Amino acid sequence: MKAGIVVFPGTNRERDMAIALRTVTGRAPAMIWHHDTALPDLDLVVLAGGFSYGDYLRCGAMAAHAPIMADIRRFAAAGGHILGVCNGFQILTEAGLLPGALLRNAALRFLSQDCYLRVERDDTPFTRKWRVGDVFRTPMAHGDGNYIADSDTIRALEDGNRVAFRYARPDGRVDAGDLRTNPNGSVNAIAGVLSENLRICGMMPHPEDLVDPLMGGEDGKPLFEGLVEALVR
Amino acid sequence: MKVRVTVMLKEGVLDPQGKAVAHALHVLGFAGVGEVRIGRVIELDLDETDPAAARDKADAMARGLLANLVIEDFTTEVVA
Amino acid sequence: MKVRVTVMLKEGVLDPQGKAVAHALHVLGFAGVGEVRIGRVIELDLDETDPAAARDKADAMARGLLANLVIEDFTTEVVA
Amino acid sequence: MSSATTSSATGQRPVDQAMAREFGLTADEWGNVLSIMGRTPTLTELGIFSVMWSEHCSYKSSRVWLKTLPTTAPWVIHGPGENAGVVDIGQGLAAIFKMESHNHPSFIEPYQGAATGVGGILRDVFTMGARPVANLNALRFGAPDNPQTRRIVDGVVRGIGGYGNCVGVPTVGGEINFHPAYDGNPLVNAMTVGVARQDRIFLSAAAGVGNPVVYVGSKTGRDGIHGATMSSAEFDEDALAKRPTVQVGDPFVEKLLIEACLELMATDAIVAIQDMGAAGLTSSSVEMAGKGGVGIDLDLDTVPQRERGMSAYEMMLSESQERMLIVIRPDRTEQARAIFEKWELDFAVIGHLTDTGHIVVRHQGRVEADIPLEPLAEQAPIYRRPTSPTPAPAPLGPLTDPVGIEQALIRLIGCPDLASRAWVWNQYDSTVGGQTVKRPGAADAAIVRIEDTSLGLALTTDCTPRYCKADPRTGGAQAVAEAWRNIVATGARPLAITDNLNFGSPEKPEIMGQFIAAIEGMGEACRALDFPVVSGNVSLYNETRAPDGSTLSILPTPAIGGLGVLDDVSRAVGLSMPADAALVLVG
Ligand SMILES: Nc1ncnc2c1ncn2[C@@H]1O[C@H](COP(=O)(O)OP(=O)(O)O)[C@@H](O)[C@H]1O
């Protein structure tokens, strides 16, 4: 699998993501500069976490207009696979490649802690190593992860089975009204969503920071392993 | 010309910041405060002399970048 | 009455947001954009019928909570 | 302006002893200025003298005592005197670290004060060639029931997170105490740890007459000019109003600056580099040229400026954030420019090195300052201030047990100084970088792996101010010993410390007494443990002024930042106890 990570000014989890990808693919991903206008030949484009443009104005708003984004849209339209994590998710929503928006966390504070995600479908390249209902732990670290969309969009997401992950308790129970379970207050406890063709996935937490037992576990690794299985040519 | 773009969350979108401020005002002893909504203002110095043209330009910037129309509305006004 | 409090950074205080937005507008191809300053607007629904009283109240709230007078200035206006 | 007399074309007050006093110079110090200059200094020159001879830059009250601290060991590569301390951690790598205070600004504007404190200490570390890998902090706040405390804690914690999270350096540890002595004077001490290759460490001594002096980063504004001394000076009100004493940080630009500097540092373009900290352009240019024994010529017309009509004085004293000064090889200037432009940062050649031994500042066709550097440094004041010993603490009364052991335990774990800090560290991104082996709360010291190696760093900040108040000497020793123990408890080998000595006014003999005793105690512990001091910072005049004019000093607070290394990071030991473990008490 050939993966590339897009680096915007202010992206800061590109190294974490590179480690995770290297761990499962055995080779270093390409680093793509926001100012480039063409992607190299890739199977997977990753928009990593961080504070692109300082997260000023709105998280991801300015990065969504970076020069490279035109080719990323083309890549998406051609059926390419894209993973957006944290700021990357925000950028994908700002760019209109995924529906909805991410508002300030309900408690209005930055949250850096572990959370638990329930896997909502297991037939996508991003989730195929899990079974529906599996729960895994992952760190989250963001100030604006409160997923929101108008009710038609939410209905379309739910009806189309396009929620990839929900915040849950360790036992798998989902309680969107409980800030301990759904820490940022997301609608329906949505932590990650999929595009219509299931080839673009955006999520707030950081599975890439939990791929090494030394850092506390490998709970995030199946996501990357699944991508390799699905996308290897 | 100076144009001010005001961006507010759409009606119906929950505004936790506004809610928190309303609560804090109440705690500080300010009575009679109903709903509080918080938004952003962006003041642009534009190289334009015609107010209508300046507003048009600001509108385009708001649609293109300054507001996220999924969740926000905006208004523009020429202030100087 | 509805009062709008607009809070902006004081003159001379660095506005990192404004700087970044000016740059982004430039990248988006909007020419002729000079300085950009970003501030907050707080819309308050006040239980007052007298505009002057409503403004006074909003002024007091701005001084007490809504603005950080060390680095920010504010203006208030009755909008409805 | 209180007086209409004009002594120069700029219409300012004449520079005289009265003005020097407002700038914080004593009569003797003013006399020295006159003898060094052989004439009345210009306003810009007076500004330069006053900041270089301030307590903050000259360490005039503390220097003689700091010299008594042990600073060497076979593994120390650079001790105090550089931007940060440097120690050998094996495999050709070095850890570079320092702690610095931002106490006063954090009281005035907690968010920005703390944020810019983090920004400042980060620059001290990456200016030496290190990629920052961890931030820590040491915080003291007033009484929890003081309404001001809530506002300050909230702002400081948000500010530290706001800056550190955005630049993408994990905040992995710290400590917090509450005490009424910090009511009007919280302490915000920030520590950064970075890692560099030993053969790629950058120093600040300028060299090479003719070499260009380059300014990079953000533009210069009127931020924080003479924050402390100017507030009382009778300057034109308008000018004062235009000079916000609070600097606003831009962590986004800092992130770009880190990446751009590290990219440039991978080449051989840099001769010397220094961040612009307190009194930005003045202290960076004076120190770089002074250390290198060369002169420096600056042309302020070329300085990137954020505002119109800034004077030489304002530019030389501005504390605008996120700026660096670089002496560069002339043939590499364009390569360097390309790097900074790629990262969308300002880049300007603002001067060059000379053989005059003077700093010469030009602005709009005039020479605004021309000061010989050697006497500026050599004749900086140095004081051995009167001291009085700290009286022995009153003995504690007999132990009583009014609540029973269970209630006592509950009360202890619920007290503000011992209660869980998760609400704080949950606002700090502690995992970014993907190398955090032990996050806050997981071990006695935070553990960060060094990417692509088996090495780990063990990091901690420690001090118990109430011990230091009761007995500064034992308290100073205890703080060092605690840092050492916290590192050892993770399985790491303690290497060195940085410190941040926070005290009241050195002009009070009892405060000087605390200061000296604490340093003695620290030195004693450092020597006994082979745990030298490689960098640090002193913050004096930490007091709260009561409405009646009396002052309350903070508790003596020599915060210690300790660093140790694990050769095999997978062996790091944390706090969580496996179910089948046995508990053994030692010591
Ligand atoms: N308490 C201290 N213990 C040891 N070294 C110190 C102490 N205080 C300051 N230093 C050293 O003195 C030098 C000057 O410190 P400082 O003025 O804070 O540097 P900068 O302005 O570059 O941040 C540094 O090398 C610093 O490590």
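For the structure, check the block above.
What comes next is a walk through the structure. It should be emphasised that the depicted structure is a prediction, and the values quoted were computed from it without experimental measurement. (Residues numbered from 1 in each chain as written. Chains lettered and ligands numbered in written order. Predicted model: local features only at pLDDT ≥ 70, side-chain atom pairs only at ≥ 80, totals over all residues. Heavy atoms only, no water.)

## Here we look at the overall build of chain D
The line we're drawing: Only DSSP runs of H or I reaching four residues or more are called helices, and only runs of E reaching two or more are called strands; each is numbered from the N terminus. When we talk radius of gyration, it's over C-alpha atoms, and the globule rule is simply 2.2 Å times the number of residues to the 0.38. Buried means the residue's accessible area, taken with a 1.4 Å probe over protein chains only, is under 20% of the maximum for its type, while exposed means over 50%, and partly exposed covers the values in between. Note on definitions: a residue-residue contact is assigned when non-hydrogen atoms from the two residues lie within 4.5 Å.
Looking only at helices and strands, chain D features 20 helices and 21 strands. A globule of 587 residues ought to have a C-alpha radius of gyration of about 25 Å, and chain D, at 24 Å, matches this closely. C-alpha extents for chain D along the principal axes are approximately 80 × 60 × 40 Å. Scored against the burial criterion, the 587 residues of chain D give a buried share of 58%. Considering only residue pairs separated by 6 or more positions, chain D has 81% of its internal contacts joining residues 24 or more positions apart.

## Quick word on the overall build of chain B
A count of helices and strands for chain B gives two helices and three strands. Taken from the N to the C terminus, the helices and strands of chain B come in the order β-α-β-α-β. Taking 2.2 N^0.38 as the reference for a compact globule, 80 residues should give roughly 12 Å; the C-alpha atoms of chain B span a radius of gyration of 16 Å, well beyond that estimate. Based on the C-alpha atoms only, the size of chain B along its principal axes is roughly 45 × 25 × 15 Å. Looking at chain B as a whole, 49% of its 80 residues are labelled buried.

## Thoughts on the nonpolar core
Short version of the rule: Side-chain atoms within 4.5 Å link the members of a nonpolar core, which is a set of buried Ala, Val, Leu, Ile, Met, Phe, Trp, Tyr and Cys residues.
Core analysis: the biggest nonpolar cluster contains 144 residues, and A:Ile72, A:Leu83, A:Phe165, B:Leu44, B:Leu66 and D:Phe340 have the highest contact counts within it. With 10 residues, the single largest contributor to this core is helix α11 (residues 251-265) of chain D. Residues within four places of B:Leu44 in sequence aside, it is in contact with B:Met1, B:Lys2, B:Val3, B:Val5, B:Ala58, B:Met61, B:Leu66, C:Leu25, C:Glu35 and C:Val36. Formed by 50 residues, the second largest nonpolar core is a distinct cluster that contains D:Val15, D:Leu281, D:Val327 and D:Ala380.

## Side note on empty space enclosed by the protein
Operational definition: A 1.4 Å probe that fits but cannot get out identifies a cavity on a 1 Å grid over protein atoms alone, an open set with protein on both sides within 12 Å along at least five of seven lines counts as a pocket, and a residue lines either if it has an atom within 4 Å of a point. Grid points are joined across faces, edges and corners, and a volume is the space filled by probe spheres set on the points. Note on residue classes: Ala, Val, Leu, Ile, Met, Phe, Trp, Tyr, Cys and Pro are nonpolar, Asp, Glu, Lys and Arg are charged, and everything else, Gly too, is polar.
The full count for this structure, using the stated rule, is four cavities of 30 Å³ or more. Estimates place the volume of the largest cavity at around 60 Å³. Taken together, A:Asp16, A:Ile19, A:Glu208, A:Asp209, A:Leu210, A:Val211, A:Asp212, A:Met215, D:Gly434 and D:Arg449 make up the full set of residues lining the largest cavity. Here the lining of the largest cavity is composed, by residue class, of four nonpolar, one polar and five charged.

## Brief notes about the relation of the copies chain C and chain B
The condition that has to hold: Superposition of the copies was done by least squares, using only C-alpha atoms of residues whose pLDDT is at least 70 in both.
Between chain C and chain B, which share one sequence, the superposing operator has a rotation angle of 180° and an axial displacement of 0.0 Å; the RMSD is 0.1 Å. The transformation relating the two chain copies, once decomposed into turn and shift, fits a two-fold axis. Proximity to the rotation axis, assessed at the C-alpha, singles out C:Arg40 in chain C; its C-alpha lies 2.2 Å from the axis. Taken as a fraction of all interface residues of chain C, those also at the interface in chain B reach 100%, which identifies the copy contact as same-surface.

## Examining a nonpolar patch on the surface
Filter applied, for reference: Patch rule: a residue counts if its relative accessible area is over 30% and it has no salt bridge; like charges are joined within 9 Å, and nonpolar side chains (Val, Leu, Ile, Met, Phe, Trp, Tyr) within 5 Å. Surface exposure here means Shrake-Rupley accessible area, sampled with a 1.4 Å probe, where a residue is shielded only by the protein chains that are shown. Salt bridge, as applied in this entry: a Lys or Arg side-chain nitrogen positioned within 4 Å of an Asp or Glu carboxyl oxygen.
A contiguous nonpolar patch, built from D:Leu409, D:Leu412, D:Ile413 and D:Leu418 and spanning about 410 Å² of accessible area, is present on the exposed surface. Note that D:Leu409 resides in helix α16 (residues 405-414).

## What about the sheet that holds strand β16 (residues 456-462) of chain D?
All names here are of chain D. The following threshold applies: Here, any two strands with at least 2 DSSP bridges between them count as paired. In this analysis an axis means a line fitted to C-alpha atoms, helices contributing only their contacting stretch, and an angle means the value between N-to-C directions, from 0 to 180 degrees.
What the six strands build is an open sheet, ordered β14-β15-β16-β21-β17-β18; its pairing is mixed. If you trace the sheet from one side to the other, it starts and ends with β14 (436-438) and β18 (533-539), each paired once. This sheet shows a mean twist of 20° between the axes of neighbouring strands, independent of strand direction. In terms of strand pairing, β16 meets strand β21 (residues 557-566) through seven bridges, oriented antiparallel.

## What to know about the arrangement of the chains
Once contacts are tallied for each of the five pairs of chains in contact, the highest total is for chains B and C. Kept free of each other, chain B and chain D leave a smallest C-alpha distance of 12 Å between them.

## Description of the interface of chain A and chain C
The accessible area lost on association of the parts is a frequent measure of interface size. Using the following cut-off: Accessible-area loss on putting two parts together, using a 1.4 Å probe and summing over both, is the definition of buried area adopted here. N or O atoms within 3.5 Å of each other form a polar contact, as long as, within protein, one can give a hydrogen and the other can take it, and as long as residues adjacent in sequence are counted only when both atoms are side-chain atoms.
Listed per partner, the contact involves six residues of chain A and nine residues of chain C. Overall, the association of chain A and chain C removes approximately 610 Å² of surface from exposure, summing both partners, and the carbon and sulfur fraction of that is 82%. Linking chain A with chain C are zero salt bridges. Taken together, the links from chain A to chain C amount to one residue pair in polar contact (both at pLDDT 80 or more). The residue inventory of the side of chain A that touches chain C, partitioned by class, reads five nonpolar, one polar and no charged.

## Some details on the sheet that holds strand β9 (residues 163-168) of chain A
Residues and elements named next belong to chain A. One open sheet holds the nine strands; their spatial order is β2-β1-β3-β4-β11-β10-β9-β6-β7, and the pairing between them is mixed. Two strands close off the open sheet at either side, each with one partner strand: β2 (30-33) and β7 (135-142). Ignoring strand direction, the axes of neighbouring strands in this sheet form an average angle of 25°. The sheet contact formed by strand β1 (residues 3-7) and strand β3 (residues 44-47) spans four bridges and is parallel.

## Digging into the environment of A:Gly133
All names here are of chain A. For Gly-133, the position within the fold is in the loop between β6 (111-119) and β7. According to the relative accessible area criterion, Gly-133 is partly exposed, its value standing at 37%. A sequence separation of 91 residues divides Gly-133 from Leu-42, and the C-alpha atoms of the two residues are 31 Å apart. Once residues lying within four places of it in the same chain are set aside, the contact partners of Gly-133 are Arg-118 and Val-119.

## Quick word on the site of the ligand
Residues and elements named next belong to chain D. Applied cut-off: Residues are counted as near a molecule or strand when any one of their heavy atoms sits within 4 Å of it.
Near the ligand lie 17 residues; those nearest to it are Tyr-59, Gly-81, Glu-82, Asp-499 and Gly-536. Within the side chain of Asn-83, one N or O atom sits 3.3 Å away from an oxygen atom of the ligand. Here an oxygen atom of the ligand and a side-chain polar atom of Glu-100 are 2.9 Å apart. In the complex, 86% of the free accessible area of the ligand, which totals 560 Å², lies under the protein chains. In terms of residues, the shell around the ligand owes the most to one element, β18, which gives five residues. Considering only residue class, the shell around the ligand consists of six nonpolar, six polar and five charged.

## Thoughts on the pairing of strand β1 (residues 2-9) of chain C
Along any regular strand the residues' side chains alternate between the sheet's two faces. All names here are of chain C. Counting buried positions along β1 yields seven of eight residues, so the element is predominantly enclosed. As paired elements, β1 and strand β2 (residues 33-46) share six bridges and run antiparallel to each other. Considered in β2, the bridge of Val-7 is made with Arg-40. When β1 meets strand β3 (residues 72-78), the two strands line up antiparallel, connected through seven bridges. Residue pairing for β3: Val-3 is matched across the bridge by Val-78.

## What to know about the interface of chain C and chain B
Listed per partner, the contact involves 30 residues of chain C and 30 residues of chain B. Between chain C and chain B the total buried area reaches about 2,400 Å² when both faces are included, carbon and sulfur atoms providing 68% of it. Counting across the interface, chain C meets chain B through 12 residue pairs in polar contact (both at pLDDT 80 or more). Mapped onto the side of chain C that touches chain B, the elements with two or more residues apiece are β1, α1 (16-27), β2 and α2 (51-66) of chain C. In terms of residue count, β2(C) provides more of the side of chain C that touches chain B than any other element does, 14 residues in total. In this structure, strand β2 (residues 33-46) of chain B lies alongside β2(C), joined through 11 bridges in antiparallel fashion. Directly across from B:Ile38, in β2(C), lies its bridge partner C:Ile42.

## Observations concerning the pairing of strand β17 (residues 493-502) of chain D
All names here are of chain D. The line we're drawing: Whether a crossover is right-handed comes down to one check: with the strands pointing away from the viewer, does the path from the first strand over the helix to the second run clockwise; if it does, it is right-handed.
With nine of its 10 residues buried, β17 lies for the most part within the structure. Relative to β21, β17 runs antiparallel, the two being bridged by nine bridges. Residue Leu-501 lies in a different strand from β21, and its bridge partner there is Pro-558. Note on the crossover from β17 through helix α20 (residues 509-529) to β18: the handedness is right-handed.

## Side note on the pattern of salt bridges
Residues and elements named next belong to chain D. Enumeration over the complete set of coordinates arrives at 61 salt bridges over all chains. Between Asp-268 and Arg-329 there is a salt bridge; the shortest N-O distance is 3.2 Å. Taken together, the residues span a long stretch of sequence, with Asp-268 in the loop between α11 and β8 (270-275) and Arg-329 in the loop between β10 (323-328) and α14 (333-342) at a distance of 61 residues. Via salt bridges that share partners, Arg-222, Asp-223, Arg-306, Glu-307 and Glu-314 belong to a single interconnected network.

Purely geometric numbers; function is a separate question.
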